[in-house]
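Read off the chains here:
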Amino acid sequence: MGSLALTTSLSTYYSNSGTSQTTCMLSSSTGVNVFNNDNYLYATVFNISAGEIIFSETYTNVPVSGTANILYSPYSICALSSTTFVIIYRDSNNYLNAIAGTVSGTTITLGSAVNVSSSVAVSVSYSITAMSSTAFVVAYYNNTDTLLRAGTLSSTTITLGTAVTGYTGASDLPFVKSLSSSAFVLVNMDENGNLVFRPATLSTRTITLGTANSQSSLYYPSAYPVIEALSSTSFVVACVSSDGYLGLVVCSTDNSTITVNSFQDIFGTTYSSIIGIALFPISSTKIGYVVTDGGVDYTIATTVSISGTSASINSGDTIQFTLGVIPPYNSSLSWTNASVVTAGTEFLVNVLEKPSENSLCTYLITYTAPTGGKKWGGITISKWNGITPSKINSI
């Protein structure tokens, strides 16, 4: 059995007004971090070397339409290749926009933003998934229905397809996840809080929907929804049972229908105040599962083995930690799916660790072989604004 670990040291930096961030890995050593500060979005390149996260001091302002006021609006980023990425965000009109960028060294070059929501205001719930090196899909709720829209990329120029309705009526927290270059799944919450699963396929920019599967006994935890693909036909969704237990469901799809198997109780206890969840893939039969419970003020990192439709926790991989400060907070803004650094072994997870001082953090989590030791640490992200962060302590 392996072990979960982090880098050997933890350095903490403070920010004054940054409240959220998200990251994506372009390769095993290079990624892009997007964060807000004083109501504006910025992007910067970071590198990972010898277990350290090293951030560039060059910050690129992410264009927005009109006067930006996005301090409490989420945004997402996905990598399409080793040099390209796409960011989605709300502008000051609450319209959903997408913008593509390229990376060369520490230089980010952005294209022109395109309006994804057709000049219609959207809620704070939206997500993006990369389908290939030139294609992506966005899910968003326009305060009437949940819509899906695909885009293709040529350099930094985005061309959008026609939006389709993924769910009709009041809903929330739409989340998309690619299973292959031509197939993805949508999971959202309906007006009663139940989870709805729907498969879809993509051809260039045309989306074809499968049959929706509504589950009246499954709910999202208070954290933003999390899906992790196991293969081109299977995936898992972190969720809560009707009696309040935290776990997941293993699902399969033929791209026309989705089979949602029985709920798997992973932790054997109820969680009343979940404020952060991240899943990351280790293999086709094992995932990492990280959860923070605000009611008890600690974070648990563990691995879960998948066998057919069943899932079980690997207690030998489980670590509980607080890192000496308030654990991850305000997950709808600051806790994202883990980004894969090195397949099966290294992952990044973002948190807002000290809300009173807005300390944004990125943890490098590793999963090591049985002979490897457990090493915990990390680096936080600070207020950017063109100023080098102030290091205040090391743990």
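Since the model is a prediction, treat every value here as computed from it, not as a measurement.

The rules behind each value
- Residues numbered from 1 in each chain as written.
- Predicted model: local features only at pLDDT ≥ 70, side-chain atom pairs only at ≥ 80, totals over all residues.
- Heavy atoms only, no water.
- Helix = DSSP H or I, 4+ residues; strand = E, 2+ residues; numbered from the N terminus.
- Buried < 20%, exposed > 50% of the residue type's maximum accessible area, 1.4 Å probe, protein only.
- Areas by Shrake-Rupley, 256 points an atom, 1.4 Å probe, with all protein chains shown as cover.
- Core = buried A, V, L, I, M, F, W, Y, C linked by side-chain atoms within 4.5 Å.
- Salt bridge = Lys/Arg side-chain N within 4 Å of Asp/Glu carboxyl O.
- Pairing = 2+ DSSP bridges.
- Polar contact = N/O pair within 3.5 Å; in protein donor to acceptor, adjacent residues only side chain to side chain.
- Phe/Tyr/Trp six-rings, centres within 6.5 Å; stacked < 30°, edge-to-face > 60°.

Colleague: Describe the overall build of the protein chain, listing the residues and the values that go with them.
Modeller: Broken down by element type, the protein chain carries one helix and 38 strands. Put simply, the protein chain has 395 residues, and 58% of those count as buried. As displayed, the protein chain has an accessible area near 14,100 Å², and 46% of this comes from carbon and sulfur atoms.

Colleague: Quick rundown of the nonpolar core? Include the residues and the values.
Modeller: In this structure, Val236, Leu246, Leu248, Ile277, Tyr289, Val291 and Val304 are the most contacted members of the largest nonpolar core, which totals 20 residues. Looking at this core, the elements with two or more residues in it are β25 (234-241), β26 (245-253), β28 (264-270), β29 (274-283), β30 (286-293) and β31 (298-307).

Colleague: Could you give an account of the pattern of salt bridges, naming the residues involved and the relevant values?
Modeller: Throughout the structure, instances matching the rule amount to one salt bridge. A salt bridge links Lys177 to Glu228, with the nearest nitrogen and oxygen atoms 3.9 Å apart. On the criterion of sequence distance, the pair formed by Lys177 in strand β18 (residues 171-178) and Glu228 in strand β24 (residues 227-229) is long-range, its members being 51 residues apart. Residue Lys177 is classed as buried on the basis of its relative accessible area of 18%.

Colleague: So what about the pairing of strand β21 (residues 206-209)? Which residues, and what values?
Modeller: Every regular strand shows the same layout, with side chains that alternate between the two sheet faces. As defined by bridge partners, strand β20 (residues 195-203) adjoins β21 across four bridges and the pair is classed as antiparallel. Across the sheet, residue Leu202 finds its bridge partner in β21, namely Ile207. In this antiparallel pair of consecutive strands, β20 and β21, the connection spans two residues, and Thr204 shows a positive phi of 55°.

Colleague: Any chance you could break down the side chain of Ser178 for me, citing the residues and the numbers?
Modeller: Within the fold, Ser178 resides in strand β18. Classification of Ser178 as buried rests on a relative accessible area of 17%. Looking at Ser178, its side chain comes within polar contact range of the main-chain oxygen of Ala130, at 3.0 Å.

Colleague: Explain the packing of aromatic side chains residue by residue, including any values.
Modeller: To describe a pair of aromatic rings, one takes the distance between the centres and the angle between the planes. Considering all chains together, one arrives at one aromatic pair under this definition. With a centroid separation of 5.2 Å and 85° between ring planes, the pair formed by Phe267 and Tyr289 is classed as edge-to-face. On the criterion of sequence distance, the pair formed by Phe267 in strand β28 and Tyr289 in strand β30 is long-range, its members being 22 residues apart. Residue Phe267 is classed as buried on the basis of its relative accessible area of 16%. For Tyr289, a relative accessible area of 0% gives the class buried.

None of this, on its own, says anything about what the molecule does.
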